[in-house]
Amino acid sequence: MPRRNLGVAIEIPEPYGEQLRTARERYGDPQAGQIPPHVTLLPPTAVPDEVLSAVREHLADVAATEQPFDLVLRGSGTFRPVSPVTFVPLAAGGSACERLETKVRSGPLARAVRFDYHPHVTVAHDVAADLLDTALDELAGYSAHFVADGFTLFELGADKAWRPLDQFPFAAT
């Protein structure tokens, strides 16, 4: 049965998205051009083609229950030694992302996850330890503030690039 690899995320708007994508390239992350800067709400998940319409309906229902919220990225962190990742953590908006992650990862997208949810923006993954350290040091003073006003359904292409399939704006205030 044909399957699609889907993910759901809050995209990082410009100019911050380009700043973080460029940083990821600078740290040698080979996925910098394939994964737009984002806060994950649903990690890569294989779903049968025939449930795509149910997935879209589910995501529209989730978005309709949410309001835009402030999202602040600040500083840097790492998941080492568990995972070779350096990231920018959320200084504000984390609890809203946690609530969204729980809602998104239900219904037709219900699935177990390997790690507890920790909202962040990856800036270096699976690169040499010295590059992870450089990212950690260089982004220690990083800061960005924007309004999260919806989320995006992404699909993983055969070329391993993530592309938007659909946008789901939050209900207006």
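Everything below is about the structure shown above.
Here is what the cut-offs are and how they apply
Residues numbered from 1 in each chain as written. Predicted model: local features only at pLDDT ≥ 70, side-chain atom pairs only at ≥ 80, totals over all residues. Heavy atoms only, no water. Pairing = 2+ DSSP bridges. Helix = DSSP H or I, 4+ residues; strand = E, 2+ residues; numbered from the N terminus. Axes fitted to C-alpha atoms, helices over the stretch in contact; angles between N-to-C directions. Contact = heavy atoms within 4.5 Å. Core = buried A, V, L, I, M, F, W, Y, C linked by side-chain atoms within 4.5 Å. Buried < 20%, exposed > 50% of the residue type's maximum accessible area, 1.4 Å probe, protein only. Phe/Tyr/Trp six-rings, centres within 6.5 Å; stacked < 30°, edge-to-face > 60°. Parallel < 35°, antiparallel > 145°, perpendicular 65-115°, else oblique. Left-handed = near helix turned anticlockwise from the far one by under 90°.

Draft legend 1. Spatial organisation of the sheet that holds strand β1 (residues 3-11). Strand order in this open sheet of four strands is β2-β1-β8-β9, and the pairing throughout is antiparallel. Edge positions in the sheet fall to β2 (38-48) and β9 (162-169), since each of these pairs with one other strand and no more. Each strand of the sheet is rotated relative to its neighbour by a mean of 25°, with strand direction disregarded. Strand direction decides the pairing type here: β1 and strand β8 (residues 150-156), joined by four bridges, are antiparallel. Paired with Ala9 across the two strands is Thr152, which belongs to β8. Of the strands in this sheet, β1, β2 and β8 touch helix α3 (residues 94-104), which is tilted by about 5° from β2.

Draft legend 2. Geometry of the nonpolar core. Residues Val8, Ile10, Leu59, Phe69, Leu71, Leu73 and Phe151 are the most contacted members of the largest nonpolar core, which totals 41 residues. Considering each element in turn, this core owes the most residues, five residues, to helix α2 (residues 52-64). Contact partners of Leu73, with chain neighbours within four places excluded, come to Ile12, Leu20, Val88, Pro89, Leu90, Val121, Tyr142, Ser143, Ala144 and Phe146.

Draft legend 3. Quick look at the packing of aromatic side chains. Following the criterion strictly, the structure yields five aromatic pairs and no others. Each residue in the set Phe69, Phe151, Phe168 and Phe170 is aromatic and connected to the rest through ring pairs, giving one cluster.

Draft legend 4. Spatial organisation of the packing of α2 against α3. Two elements in contact, α2 and α3, have axes whose closest approach is 10 Å; the angle formed by their N-to-C orientations is 150°. Taken as axis vectors, α2 and α3 run roughly antiparallel relative to one another. Both α2 and α3 take part in a crossing whose hand is right-handed. Between α2 and α3, the contacting residues are His58, Leu59 and Val62 on the first element and Leu100, Lys103 and Val104 on the second.

Draft legend 5. Region of interest: the pairing of strand β5 (residues 85-92). Among the eight residues in β5, six count as buried, and that is most of the element. Here two bridges tie strand β3 (residues 69-74) to β5, and the two strands are oriented antiparallel to one another. Looking at β5, one finds that Val72 is bridged to Ala92. Sheet analysis places strand β4 (residues 77-78) next to β5, joined by two bridges and oriented antiparallel. In the sheet register, Thr78 faces β5, and the bridge partner there is Thr86. Hairpin connection from β4 to β5: six residues lie between these consecutive antiparallel strands.

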